[in-house]
Amino acid sequence: MAAAAAKKLGILVALLALLVGPSAGLLGIGISIGSGTDCTVFVGWPLPVILRSLICGLLGQPYTPPIWRDEPTGAGLSVGYYNNPRNTDAYCPGAETAVRNAVEKAIYQQGRGIGAGLIRLFFHDAFVRGCDASVLLRTTALAGTNTEMEGPPNKDSLRGFDVIDAAKEATKAACGNRVSCADILAFAARDASDILSGGNIRYPVPAGRYDGRESFAKETGQLPGPDSSLQELQMMFAAQGLSTADMVTLSGAHSIGQARCLFFTGRLAAMDSDYARRLNTACNGTGSPNNRVDQDPVSATVLDNQYYKNIDKFVLFGSDAVLVSSPETKQQVDVNKANLTSRWESDFAAAMVKMGNIGVKTALVPSETEIREVCWRVNA
Ligand code: HEM
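Residues numbered from 1 in each chain as written. Predicted model: local features only at pLDDT ≥ 70, side-chain atom pairs only at ≥ 80, totals over all residues.

S.K.: Help me understand the overall build of the protein chain, please; the structure alone is not making it clear to me.
M.R.: The number of helices and strands found in the protein chain is 13 helices and 9 strands. Per-residue burial over the protein chain gives 47% buried out of 380 residues. Long-range pairs, those at least 24 residues apart, make up 74% of the contacts in the protein chain between residues at least 6 apart in sequence. (Helix = DSSP H or I, 4+ residues; strand = E, 2+ residues; numbered from the N terminus. Buried ≥ 20, exposed ≤ 12 C-beta atoms within 10 Å, placed from the backbone. Contact = placed C-beta atoms within 7 Å.)

Shown next, in the form of structure tokens:
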């Protein structure tokens, strides 16, 4: 049975590789085969995923749809959670400072890009299984090593894991194993936002999350991709209980950090021609798909509203440019661009808190939740 399916798959792969060719990327939607019989929807991620999508569809395999969530309230979380002596098992007054120091040290030693990595890590954690640090796991009981970090949006892409590990060690040195990796991620993203914005984005983080014990690569299909249409972006944020306004606000994180050429060389023609020429040189045409460029050509290392000024001719992804394709989102882009009242910075802080409320696990449930000893593996 398994051998027959494998043979069928092999023939289909060969046929599709011949038939589909590079034009498949234009379809902009795909389904990827997981390690078992599951297929997961991957919206907006380029070719290899598309190819798998077609195979998956032809094989008639089921796929894992996103979990639809209500607007996340963060019930059970509280600001200053580790400072509260009444939270006996969690009391750790040095926790937030320990994380802050680890983030500062990493930015000092590795550069500001690592701060961008931490903010993205938090987003990628939140959208898959909620904020439970599932993105950090290298191995679990059910997924083996095929965890979220192996999924197409994450593989060879995410950075900042070392900073979280260092922060975890620092919190343990301060008070033992009391601070969850999920909370460390939320604190680290907050601290990175503060530092990269020059103090313009500063907010308290409600805490009290427990860590999850599972992580599956196939579930990373719940993350939007650089070719996602506006409708797909809206759908994927709505699935997490976030609004279109939250989506536009949070996309402003693309005013920092870097991206690989493979995600944008397909749309150089739609960009400012000088900028496109520079990008073309940086990417060696399409010859160096894994080269990285700054996302924001104006203020690459500052988390600010420049992103909205860059739309749509100076942003890298189709998913950035589409934000001016509807009156509703364009209006918000225009408001953020003008930023007369520092509006975007406070919106961003609020949206980060809201994203941090997604799917939080606030109770200790044996074999489901825990405070991990080490952030990249579940407790024995
Ligand atoms: C709206 C849908 C989004 C899409 C389609 C998207 C897609 C991407 C892609 C393709 C990259 C480049 C990855 C690579 O080259 O390896 C990237 C980078 C990045 N994204 Fe997003 N993203 C989205 C939303 C967000 C959100 C909500 C945040 C955080 C609040 C975020 C923060 C970042 C950061 C900081 C980077 C740079 C990371 C680094 O330099 O290490 N993105 N994004």
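What follows picks up the thread again.
S.K.: Explanation requested: the confidence of the model for the protein chain in the structure shown.
M.R.: The predicted structure's coordinates, where accompanied by low pLDDT, should not be read in detail. Per-residue confidence for the protein chain gives a mean pLDDT of 88, with 82% of residues at or over 70. When pLDDT is averaged over each helix and strand of the protein chain, the minimum, 34, is found for strand β1 (residues 29–33) and the maximum, 99, for helix α6 (residues 181–196). Note on residues 1–38: pLDDT is under 50 here. Beyond four places in sequence and across chains, it has 64 contacts. (pLDDT = per-residue confidence, 0-100.)

S.K.: Just to check I follow, could you spell out the nonpolar core for this structure?
M.R.: Nonpolar side chains tend to gather and get buried jointly when the protein is soluble and globular. The biggest cluster of nonpolar side chains holds 84 residues, and the ones touching the most others in it are Val103, Leu185 and Ala188. Those elements that place two or more of their residues in this core are α3 (95–110), α4 (113–126), α5 (161–175), α6, α7 (230–238), α8 (244–251), α10 (306–310) and α13 (343–355). Looking at which domains feed residues into this core, each of domain 2 (78–222 + 360–370) and domain 3 (230–354) supplies at least three. Discounting residues that sit within four places of it in the chain, Val103 has contacts with Leu118, Val163, Ala188, Asp191, Ala192 and Ile195. (Core = buried A, V, L, I, M, F, W, Y, C linked by C-beta atoms within 7 Å. Domains from an automatic or database assignment.)

S.K.: Help me understand the UniProt feature "binding site: heme b" (unreviewed entry) in the protein chain, please; the structure alone is not making it clear to me.
M.R.: Annotation from UniProt places "binding site: heme b" (unreviewed entry) at His254. Along the polypeptide, His254 turns up in the loop between α8 and β7 (258–260). On the neighbour-count criterion, His254 (23 C-beta atoms within 10 Å) is buried. (UniProt positions renumbered as here; feature names shortened; annotations may be inferred.)

S.K.: Got a minute to help me understand the site of the ligand in this structure?
M.R.: Neighbouring the ligand are 26 residues, the closest being Ser157, Leu250, Ala253, Gly257 and Arg260. Those elements giving two or more residues to the shell around the ligand turn out to be α4, α8 and β7. Ranked by the residues each element gives to the shell around the ligand, the list is headed by α4, at 6 residues. In terms of residue class, the shell around the ligand is made up of 13 nonpolar, 10 polar and 3 charged. If you count residues domain by domain, the shell around the ligand takes at least three from each of domain 2 (78–222 + 360–370) and domain 3 (230–354). (Near = placed C-beta within 6 Å. Nonpolar A, V, L, I, M, F, W, Y, C, P; charged D, E, K, R; others polar.)

S.K.: Looking at this model, I keep getting lost on helix α12 (residues 327–338). Mind explaining?
M.R.: Side chains three or four residues apart in an α-helix point the same way, a direct result of the helix having 3.6 residues per turn. Taking 1.5 Å per residue as the helical rise, α12 with its 12 residues ought to reach 16 Å, and the 17 Å between its terminal C-alpha atoms agrees with that figure. Of the residues making up α12, those classed as buried are Thr329, Gln332, Val333 and Asn336. Down the axis of α12, the buried side of the element spans an arc of 105°, and every buried residue falls inside it. Summarising the geometry of α12, the exposed residues directed more than 90 degrees from the buried face are Pro327, Gln331 and Asp334. After α12 finishes, the residue Asn339 shows a positive phi value of roughly 45°. (Expected span 1.5 Å × (residues − 1). Arc of directions from axis to C-beta.)

S.K.: Whenever I open this one, α5 confuses me. Can you help?
M.R.: With 15 residues, α5 ought to run about 21 Å at 1.5 Å a step, and its terminal C-alpha atoms sit 21 Å apart, in line with that. Turning to α5, its buried residues number three or more, namely Val163, Ile164, Ala167, Lys168, Ala170 and Thr171. Within α5, the buried residues cover an arc of 165° as seen down the axis, which keeps them to one side. Residue Gly176 follows α5 closely and has a positive phi angle near 85°.

S.K.: What exactly am I supposed to notice about the packing of α5 against α6 here?
M.R.: Two numbers describe a pair of packed helices, the interaxial angle and the distance between the axes. Running from amino to carboxyl end, α5 crosses α6 at an angle of 115°, the nearest separation of the two axes being 10 Å. On the basis of the axis angle, α5 is roughly perpendicular to α6. Like other packed secondary-structure pairs, α5 and α6 cross with a definite hand, here right-handed. Every residue of α6 that contacts α5 at Val163, Ile164, Ala167, Lys168 and Thr171 is listed here: Cys181, Ile184, Leu185 and Ala188. Considering only residue class, the contact of α5 with α6 consists of 7 nonpolar, 1 polar and 1 charged. (Axes fitted to C-alpha atoms, helices over the stretch in contact; angles between N-to-C directions. Parallel < 35°, antiparallel > 145°, perpendicular 65-115°, else oblique. Left-handed = near helix turned anticlockwise from the far one by under 90°.)

S.K.: I tried to follow the environment of Pro297 on my own but got confused; where do I start?
M.R.: Position of Pro297 among the secondary structure elements: in the loop between β8 (292–294) and α10. It is 9.4 Å that separates the C-alpha atoms of Pro297 and Tyr307, two residues lying 10 residues apart in sequence. Setting aside chain neighbours within four positions, we find Pro297 in contact with Tyr275 and Phe314.

S.K.: How should I be thinking about the packing of α8 against α13 in this particular structure?
M.R.: At a minimum axis separation of 9 Å, α8 and α13 run at an interaxial angle of 110°. Our classification of the angle between α8 and α13 gives roughly perpendicular. Remark: the crossing between α8 and α13 carries left-handed chirality. For the pair formed by α8 and α13, the contact residues are Asp246, Thr249 and Leu250 on the first element and Trp344, Asp347, Phe348, Ala351, Lys354 and Met355 on the second. Of the residues assigned to the contact of α8 with α13, the class counts are 5 nonpolar, 1 polar and 3 charged.

S.K.: Would you explain the environment of Asn177 in this entry?
M.R.: Note that Asn177 resides in the loop between α5 and α6. Note on Asn177: 15 C-beta atoms within 10 Å, which makes it partly exposed. For the pair Asn177 and Asp89, spaced 88 residues apart in sequence, the C-alpha to C-alpha distance is 9.4 Å. Once residues lying within four places of it in the same chain are set aside, the contact partners of Asn177 are Lys172, Ile371 and Glu373.

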